[in-house]
Structures are given as C-alpha cells and as structure tokens.
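A look at the structure
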Amino acid sequence: MPYYEVSHSYPLTGAQKQDLARALTHSHIKAFNTPSMFVNVRFIKEDPSQENIFVGGELENKTYNGIVGYVRTSAARTKADFDRLAAEFEEAWYAVVGSGTADKGKHPYLTQDAEVRLHVIGLLPIVTAREAGFDIPVAGEEAPWVREKLPAFKELAEDGHPGFVKLLSEVKAVTGGASV
C-alpha cells in the first residue's frame, strides 16, 4: 500500500538494498500494521553528472540521496506518526549505509561522510491506488477490507503466489487464525 522510492547517488550493494528494504518495511509495518506484501520499496540509482538534481535551485553534481514515500493517510495517522517513521528511516539509512546509527547528539551532516548523507525524506498522501489487482483500503479500515478480500487472497495463495501465501500467514498470526 505504501510505495517508497530510495534515490541514491551513493552506490549501494545488493545487501545494503536488502537491509534497507527490510528496515523500511519493518518500520512501516510496526507503525501502521500493514501486511508486508503491500509495502513496496524501489531503488533508483542517481547520477549527479547527468545534471538532473537541483537543490535550492542550484545544480547538485556531487551527491544526492533521498527517500520519497507515497502513503495512506487518515485522521488516525498523525503528523507525529509520520515524523517518527521518517526518523526511523533516517536511522536505518545511516545504520546500513553510513558510519552506523547517527549520533543522537549531533546533526548527521556533522557525523556522516558527504557522499552518504541522506538529503530528504518525504512522505506524500495517496488519494487512491490499486495493488496486486486490488483497490487499497482507507487507512485504518484494513480489517474489514481483508475480510472482504479473503476469498480472493486464499485462491491466490492456493495457486502458489508467494506474496499471498505470506499474507495469509500474517493474517493468521494477527488474528490467531480466527478469520482465515
């Protein structure tokens, strides 16, 4: 349901991408109780020499790293919730890519090498979307949505679609098997 794009000029290894994707997914699941199958992370390698990146109206031709997410919003999801999520993303970035977890007492621009600095994290609201052939639920209304879609989820899991197999496993864990 959320879609995160990690744009990076710093070269990331496959292991770093995997660790970041897991960290972003875990943070989102923890914050909003979203099934992992619906948390999407995409990495986009930026090349500052192509002169496509501008900060403050000026060409940034040395480095650029950022995370932009498209997320569902509701009255139950406060700015403070999203601020915490963004802070967790920043901590994960520096733990995986930087020189370890950011020093809580200092700004990361004072403690991290310039090429690994995370310039921006932006979380933007989704008005509507479809994912894996399904409309997405209104934030906070996942339980009735899952109940409504459960027959289709079961059919897809029985057909061997791994994401839906995992989804049913997560639903069983959350409900104690009651609704599966």
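Residues numbered from 1 in each chain as written. Predicted model: local features only at pLDDT ≥ 70, side-chain atom pairs only at ≥ 80, totals over all residues. Heavy atoms only, no water.

In the annotation of an unreviewed UniProt entry, the chain is listed under the name Tautomerase and assigned to Cordyceps fumosorosea.

Description of the overall build of the chain
The helix and strand tally for the chain stands at five helices and eight strands. Going from the N terminus to the C terminus, the chain shows its helices and strands as β-α-β-β-β-β-α-α-β-β-β-α-α. Split into buried and exposed, the 180 residues of the chain put 37% on the buried side. Partitioning the contacts of the chain with sequence separation of at least 6, the portion at a separation of at least 24 is 69%. (Helix = DSSP H or I, 4+ residues; strand = E, 2+ residues; numbered from the N terminus. Buried < 20%, exposed > 50% of the residue type's maximum accessible area, 1.4 Å probe, protein only. Contact = heavy atoms within 4.5 Å.)

Some words on the domain arrangement of the chain
Domain parsing of the chain yields domain 1 (3–134) and domain 2 (140–179). Each of domain 1 and domain 2 has a C-alpha centre, and these two points are 28 Å apart. Each partner contributes to the interface: domain 1 provides eight residues, whereas domain 2 provides eleven residues. Around 890 Å² of area is buried between domain 1 and domain 2 when both sides are counted, 69% of it from carbon and sulfur atoms. Applying the counting criterion to the domain 1 and domain 2 interface returns two salt bridges. When the shortest N-O distance is used, the salt bridge between arginine 72 and glutamate 142 registers 2.6 Å. Here the residues of the side of domain 1 that touches domain 2 are counted per class, giving five nonpolar, one polar and two charged. (Domains from an automatic or database assignment. Buried area = accessible area lost by both parts, 1.4 Å probe. Salt bridge = Lys/Arg side-chain N within 4 Å of Asp/Glu carboxyl O. Nonpolar A, V, L, I, M, F, W, Y, C, P; charged D, E, K, R; others polar.)

Describing the sheet that holds strand β5 (residues 65–71)
Here four strands make up an open sheet; going across it, the order is β2-β1-β5-β6 and the pairing mixed. Where the open sheet ends on each side, the last strands, each with one partner, are β2 (40–45) and β6 (120–125). Ignoring which end each strand starts from, the neighbouring axes of this sheet average 15 degrees apart. As judged from the six bridges shared by strand β1 (residues 3–8) and β2, these two strands associate in the parallel manner. (Pairing = 2+ DSSP bridges. Axes fitted to C-alpha atoms, helices over the stretch in contact; angles between N-to-C directions.)

Some remarks on the packing of helix α1 (residues 14–32) against helix α2 (residues 79–96)
Where α1 meets α2, the axes come as close as 10 Å, and the angle between the chain directions of the two elements is 160 degrees. Taken together, α1 and α2 sit at an angle that is classed as roughly antiparallel. Note on packing geometry: the crossing formed by α1 with α2 is right-handed. Contacts between α1 and α2 involve Gln16, Asp19, Leu20, Ala23, Leu24, Ser27, His28, Lys30, Ala31 and Phe32 from the former and Asp81, Phe82, Leu85, Glu88, Phe89, Ala92, Trp93 and Val96 from the latter. Grouping the amino acids of the contact of α1 with α2 by side-chain chemistry returns eleven nonpolar, three polar and four charged. (Parallel < 35°, antiparallel > 145°, perpendicular 65-115°, else oblique. Left-handed = near helix turned anticlockwise from the far one by under 90°.)

Thoughts on the packing of aromatic side chains
Taken as a whole and assessed by the stated rule, the structure comprises nine aromatic pairs. Seen from their ring centres, phenylalanine 153 and phenylalanine 164 are 5.7 Å apart, and the 35 degrees between their planes marks the pair as tilted. With phenylalanine 153 in helix α4 (residues 142–158) and phenylalanine 164 in helix α5 (residues 162–175), this pair connects stretches of sequence that are eleven residues apart. A relative accessible area of 7% means that phenylalanine 164 is categorised as buried. A connected cluster of aromatic rings, assembled from ring pairs, spans Phe38, Phe134, Trp145, Phe153 and Phe164. A cation sits over an aromatic face here: arginine 117 above tyrosine 109, 4.9 Å from the ring centre. (Phe/Tyr/Trp six-rings, centres within 6.5 Å; stacked < 30°, edge-to-face > 60°. Lys NZ or Arg CZ within 6 Å of the ring centre and 35° of its normal.)

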